[in-house]
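Here are the chains, one letter per residue:
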Amino acid sequence: LDIGCAYGAFLMETRERGAACFGLDPSPEAVASLRAAGGIEAAEGYFTAERVRRAFGPKPFDLISLWYVAEHLEDLGRALGEIADLLEPGGLLALSTPNLAGVSGRSDIIAFLAASPPDHRCILSPASLRRVLGPHGFSLLGTRVTGHHPERFAFPARKGPMARSLLALLSR
């Protein structure tokens, strides 16, 4: 189940690997497009466990994903509890979210938070994510930083491949 599936790129890739896929998204256009183009079961609406069960039935899921969705949830704790109830025992939750512990957050947290979109209800770091997941029975198996922004460092970068490589290393 991909919560906030948009036009279904992740679901289509997952289906190609042989998995049964389901998507939930608040955009009627995205859901209609996914159904038409991908033939993937998709439902329109914001996440609640009740909405998921009504749309896809009571069977639990092996994997639930939230790609840049967690920060938009009105009550992340409640949502994580409901997600835990929708998962098969031993199932996985995979998510991505902006990282408060990244270069921008660490260099100027006030500016970072001020620049965050108004619909971001929370901004997490790997440490705060671990604290939020724990009460719902999740343990953090790993984190992977995927976006690097060495241009956001306070000191100016000198031109050249060595300077870029050093900034990329520091960013990670």
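Going by the structure above, here's the rest.
Quick caveat, the model's predicted, so the values are computed rather than measured.

Caption draft 1: Layout of the pattern of salt bridges. Counted under the stated rule, the structure contains four salt bridges. Glu13 is paired through a salt bridge with Arg17; the nearest N and O atoms lie 3.0 Å apart. A residue is classified by how much of its surface remains accessible, and Glu13, at 36% relative accessible area, is partly exposed. Between Arg121 and Glu74 there is a salt bridge, with the nearest N and O atoms lying 3.8 Å from each other. Of this pair, Arg121 sits in the loop between α6 (109–115) and α7 (126–133) while Glu74 is found in the loop between β4 (61–67) and α4 (76–86), placing the two residues 47 residues apart along the sequence. Looking at Arg121, the relative accessible area reads 47%, which means it is partly exposed.

Caption draft 2: Structural detail: the nonpolar core. Of all hydrophobic cores here, the largest spans 27 residues; its most connected members are Ile64, Ile83 and Leu93. Mapped onto this core, the elements with two or more residues apiece are β2 (22–25), α3 (49–56), β4, α4, β5 (87–96) and α7. It is α4 that contributes the most residues to this core, five residues altogether. The contacts of Ile83, once residues within four sequence positions are left out, are Ile3, Phe47, Ile64, Leu66, Leu93 and Phe138. Leu11, Cys21, Val31 and Ala42 belong to the second-largest nonpolar core, a separate cluster that totals seven residues.

Definitions and limits used
- Residues numbered from 1 in each chain as written.
- Predicted model: local features only at pLDDT ≥ 70, side-chain atom pairs only at ≥ 80, totals over all residues.
- Heavy atoms only, no water.
- Salt bridge = Lys/Arg side-chain N within 4 Å of Asp/Glu carboxyl O.
- Buried < 20%, exposed > 50% of the residue type's maximum accessible area, 1.4 Å probe, protein only.
- Helix = DSSP H or I, 4+ residues; strand = E, 2+ residues; numbered from the N terminus.
- Core = buried A, V, L, I, M, F, W, Y, C linked by side-chain atoms within 4.5 Å.
- Contact = heavy atoms within 4.5 Å.

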